[in-house]
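# Understanding the architecture of this molecule
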Amino acid sequence: MSIVKTVSPAPPQEAEASPIRLGMIVSARFSVSGFARQWAHCHLLANYLGRYVSANEGDPERHATMLSTFVNELLEIVYRNHAGDGQIELTFRKKNGRVLLQATVPISESQRMFYRMAVQLVGQPDLKTWYRARLEDPAEGEDTMLGLLELVAVYGCNVAMTENAGESRVTLSLHLPEFDDMGEV
Amino acid sequence: MSNSVVPSSSSGGAPSSGVPPSYMPMALNMRLTGEDEQEVTLTGTLRPFVAEEMAQVRTSLEQAAKTAKGTLCVNLKRLKYMNNVAFLELNRFVRWVARTRPDLRIKFILSSVIPWAIRKFQVIAELYPAVSIEVYDKAFYPVQPVIEDDEFITVLRTQEKLIWAHEQEILPQHGLRPGLRVADICCGLGDFAILLQRDFRPEYLVGVDHSKPLLRYARQVVSDFGLENIEYQYGDAAALLLADNSFDFVSCRLSLQVFPEPDRIVHELVRITRPGGRVYITNEMLSSVVGYPQQEAIRKGYERFLEVCRHGGVDLDMGPKAREVLANGGLEDVKISQINVTNTNSDAHDLARVVELWIRVAWQFGAAAGANPEMHKDIETGLRAHIDTILSDRGYAVWPIIAASGRKPFRTT
Ligand SMILES: C[S@@+](CC[C@H](N)C(=O)[O-])C[C@H]1O[C@@H](n2cnc3c(N)ncnc32)[C@H](O)[C@@H]1O
């Protein structure tokens, strides 16, 4: 296990406006085909990036375990819902003490519907009650969705999606809750 | 919506590239824990791709539920990662129990060290009346409240200062040198880490403790000193989250003695040590405390004190067992040193304060163990007599501590 105590911002890769790079911790870009080759990639990436992002936290290990839980769930959803080729980009930033993970994912039209549906569900007023009802009485084919909803209903994450007209990709934003110095939310 | 999810975690389907190999380095273990309790333990990582991969877990749980009487415990205290696919399968299992065995209770045993677990299972506990959760490590160290009060913190620091002067000299004999990766398990206030940093320059040091107030203190000190290569972690020494074979030198100081099952802790210390690295432990040997004059009262006082502590699962005479404990842990090249803190080679007032603290600890343990007033009297009389000898110009007093270390073999047989 190697620990990076001071994480310096990644150098800008393109001529992007500086505010976008603000609070940047780390970003990773990889091909869909490479990622989709192995289910274990979700776990390994979530742990590696979780640990990297947690390097400067009060309790880096616990923070990383928590982060891995969130990041893995998002990656698993991406694993199940992406187009056949293209690139996935993950960016971790820290804003006002909270970690923001953005995942840009190439998608097909049916996957677009899935993500829209997920974000819509997440936005409903009494998500917690809805989530509990689903645990008591699960519906066919909803499991993947519940993973994302749990992050919001149980752990207080926020999920948003941005899509640009004509583009076959979406950007999912997972705003993580505030952690205390012991890596707890 | 299920059509758009390709593939769904519960569909059993696989992506067009073929079924991806699962990722579930997980262990499953079942045992009967009592007449009315059966326990199924899951450890490691549960991040399956599809629900079907949980079949073995489901079957074992269901079998256990069929035969269990009273309560079925599902022990997840060392399950570090779990994804939603696995969680939903556990939820399905709970629903199955509610339907088929309405008389059976299910208890999820969780650890406060795993940061995602409690919230996740609280939801299930609230949903089903037969389900409860137990956070097993919330109250498992009986003297914890004493240790965390301000006065004790001062005494811990005093104790550390007293011992360091001697320990510093023996540590190189136990393999400590600059540039090592060090883990200090049950690090307490972290003073040891700071002293090591000053005198032994480790490449990296992680301190683990199960007390949040002590860790907060330790972290503050690190940040006051501006130290970069020390990290603290809230954890349970009996189930560390640190990786196998990852440290050159693993210490556990004055702490094995506070656990009812020290072998379990040693197992963890050995696990995280790299082959060729060393595990270093210190433990007290209070049966050999020296105090003159008033030898008889002092001896009796410590005997009683040890008895009361043993009641609380704490063995303050563990020192001499170090060689056996390390050998049982599979370590070789075991080295033993004795540290004698005396009223002539150390600050007598500091030593007296440490003994003062033991009197308080004795009261705490005594109350918990239901010790009779007679015992208390013997302890108080003996330990006060010890303080007198420590502070007297002509008295002689020794506080003996055994330091021991062993090397992790390159090849286990
Ligand atoms: C007697 S103190 C020794 C502290 C320090 N090593 C020293 O020498 O000053 C015992 C320490 O063990 C810690 N402890 C108790 N149970 C623990 C557990 N299960 N895991 C990790 N640390 C634990 C306590 O919080 C306390 O800091």
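Our subject is the structure listed above.
Residues numbered from 1 in each chain as written. Chains lettered and ligands numbered in written order. Predicted model: local features only at pLDDT ≥ 70, side-chain atom pairs only at ≥ 80, totals over all residues. Heavy atoms only, no water.

This brings us to the overall build of chain A. Within chain A, the secondary structure is distributed over seven helices and five strands. In chain A, the order of α-helices and β-strands from amino to carboxyl end is α-β-α-α-α-β-β-α-α-α-β-β. Each of the 185 residues in chain A was classed as buried or not, and the buried ones make up 55%. Working note: accessible area of chain A is about 7600 Å², and carbon and sulfur atoms make up 51% of it. (Helix = DSSP H or I, 4+ residues; strand = E, 2+ residues; numbered from the N terminus. Buried < 20%, exposed > 50% of the residue type's maximum accessible area, 1.4 Å probe, protein only. Areas by Shrake-Rupley, 256 points an atom, 1.4 Å probe, with all protein chains shown as cover.)

Time to look at the interface of chain B and chain A. Residue-level contacts link 55 residues of chain B with 53 residues of chain A. Of the roughly 4900 Å² buried at the junction of chain B and chain A (both faces included), carbon and sulfur atoms supply 54%. Here chain B and chain A share five salt bridges between them. The closest approach of N and O atoms between B:R92 and A:D143, which form a salt bridge, is 2.9 Å. Here chain B and chain A share 22 residue pairs in polar contact (both at pLDDT 80 or more) between them. Where the side of chain B that touches chain A is concerned, the elements lending two or more residues are β4 (79–82), α2 (84–100), α3 (117–127), α7 (212–225) and β9 (230–234) of chain B. (Contact = heavy atoms within 4.5 Å. Buried area = accessible area lost by both parts, 1.4 Å probe. Salt bridge = Lys/Arg side-chain N within 4 Å of Asp/Glu carboxyl O. Polar contact = N/O pair within 3.5 Å; in protein donor to acceptor, adjacent residues only side chain to side chain.)

For the rest of this paragraph, the subject is a nonpolar patch on the surface. All names here are of chain B. There is a patch of nonpolar side chains on the surface, built from V290, Y292 and Y396 and spanning about 280 Å² of accessible area. By secondary structure assignment, the location of Y292 is in strand β12 (residues 290–292). Taking the relative accessible area as the measure of exposure, Y292 reaches 47% and is therefore partly exposed. (Patch = residues over 30% accessible without salt bridge, like charges linked within 9 Å, V, L, I, M, F, W, Y side chains within 5 Å.)

Looking now at the sheet that holds strand β4 (residues 158–163) of chain A. Residue and element names in this part refer to chain A. With antiparallel pairing, the five strands of this open sheet are ordered in space as β1-β2-β3-β5-β4. The open sheet terminates on both sides in strands that have one partner only, identified here as β1 (24–31) and β4. Strand-to-strand twist in this sheet, taken as the mean axis angle between neighbours without regard to direction, amounts to 15°. With six bridges joining them, β4 and strand β5 (residues 169–175) adopt antiparallel strand pairing. For N158, the partnering residue across the bridge sits in β5 and is H175. Its contacts with the sheet place helix α3 (residues 40–53) against β1, β2 (87–95) and β3 (98–106), and it is angled at close to 160° to β1. (Pairing = 2+ DSSP bridges. Axes fitted to C-alpha atoms, helices over the stretch in contact; angles between N-to-C directions.)

Turning to α3(B), a few remarks are in order. Listed in full, the buried residues belonging to α3(B) are B:A117, B:K120, B:F121, B:V123, B:I124, B:A125 and B:L127. Those residues of α3(B) that are buried lie in contact with α6 (127–136) and α7 (143–153) of chain A together with β4, α2, β5 (105–110) and β6 (131–135) of chain B.

Let's shift gears to the packing of aromatic side chains. Tallied over the full model, the rule gives 19 aromatic pairs over all chains. Geometrically, the ring pair formed by A:F114 and A:Y115 is edge-to-face, given 5.2 Å between the ring centres and 75° between the ring planes. A:Y115 matches A:F114 in its accessibility class, with the two residues each being buried. Between B:W164 and B:F200 the ring centres are 6.3 Å apart and the planes differ by 90°, which places this aromatic pair in the edge-to-face class. Of the two residues, B:W164 sits in helix α5 (residues 150–170) while B:F200 sits in helix α6 (residues 191–200), which places them 36 residues apart along the sequence. You can call B:W164 buried: its relative accessible area is 4%. Cluster of aromatic residues (ring-pair linked, three or more members): A:F30, A:F35, A:W39, A:Y79 and B:F49. The ring of B:Y234 has B:K212 lying over it, and the distance from NZ or CZ to the ring centre is 4.8 Å. The ring of B:F192 is capped by B:R253, whose NZ or CZ atom sits 3.8 Å from the centre of that ring. (Phe/Tyr/Trp six-rings, centres within 6.5 Å; stacked < 30°, edge-to-face > 60°. Lys NZ or Arg CZ within 6 Å of the ring centre and 35° of its normal.)

Attention now moves to the packing of α6(A) against α2(B). One can describe the packing of α6(A) onto α2(B) by two numbers: an axis separation of 9 Å at closest approach and a directional angle of 60°. Each of A:Y131, A:L135 and A:E136 in α6(A) lies in contact with α2(B), whose residues at this interface are B:F87, B:L88, B:N91 and B:R95. Of the residues assigned to the contact of α6(A) with α2(B), the class counts are four nonpolar, one polar and two charged. (Nonpolar A, V, L, I, M, F, W, Y, C, P; charged D, E, K, R; others polar.)

All right, on to the nonpolar core then. Ranked by size, the top nonpolar core spans 193 residues in total, and within it A:Y115, B:F108, B:I185, B:F305 and B:W399 carry the most contacts. Sort the elements by how many residues they give to this core and helix α11 (residues 348–369) of chain B lands first, with 11 residues. Apart from residues no more than four positions distant in its own chain, B:F108 is found in contact with B:V74, B:L76, B:L90, B:V94, B:F121, B:I124, B:V131, B:S132, B:I133 and B:E134. (Core = buried A, V, L, I, M, F, W, Y, C linked by side-chain atoms within 4.5 Å.)

What follows is about the pattern of salt bridges. All told, the structure shown has 38 salt bridges over all chains when counted by the stated rule. As a salt-bridge pair, A:E163 and A:R112 come within 2.5 Å of each other at their nearest N and O atoms. In this pair, A:E163 sits in strand β4 while A:R112 sits in helix α5 (residues 109–122), placing the two residues 51 residues apart along the sequence. In this structure, B:E332 and B:R407 form a salt bridge, with 3.2 Å as the shortest nitrogen-oxygen distance. With B:E332 in strand β13 (residues 332–342) and B:R407 in strand β14 (residues 396–407), the pair connects residues that are 75 residues apart, well separated along the chain. Among the ionic contacts, a cluster of salt bridges with common partners joins A:D143, B:R58, B:E62, B:E89 and B:R92.

What follows deals with the pairing of strand β11 (residues 273–284) of chain B. Residues and elements named next belong to chain B. In terms of burial, β11 is largely enclosed, as 10 of its 12 residues are buried. Pairing geometry for strand β10 (residues 247–253) and β11, over six bridges, is parallel. Each bridged residue has a counterpart across the sheet, and for S251 the counterpart in β11 is Y280. At this point the chain moves from β10, through helix α8 (residues 262–272), to the parallel β11, and the crossover so formed is right-handed. With seven bridges joining them, β11 and β14 adopt antiparallel strand pairing. Considered in β14, the bridge of V279 is made with G406. (Right-handed = clockwise from strand over helix to strand, strands pointing away.)

With that settled, the discussion passes to empty space enclosed by the protein. Evaluated as defined, the whole model comprises two cavities of 30 Å³ or more. In this model, the second largest cavity occupies a volume close to 50 Å³. Taken together, 10 residues line the second largest cavity, and the ones lying closest to its centre are A:E73, A:E76, A:I77, A:R80 and A:T144. Put simply, the parts of the chain that give the lining of the second largest cavity at least two residues each are α4 (60–80) and α7 of chain A together with α2 of chain B. Broken down by element, the lining of the second largest cavity gets its largest block of residues, four residues, from α4(A). Considering only residue class, the lining of the second largest cavity consists of two nonpolar, four polar and four charged. (1 Å grid on protein atoms, 1.4 Å probe; cavity = no way out; pocket = protein on both sides within 12 Å on 5 of 7 lines; lining within 4 Å. Points joined across faces, edges and corners; volume = space filled by probe spheres on them.)

Note that every value here comes from positions in space, so none of it alone points to a role or purpose.
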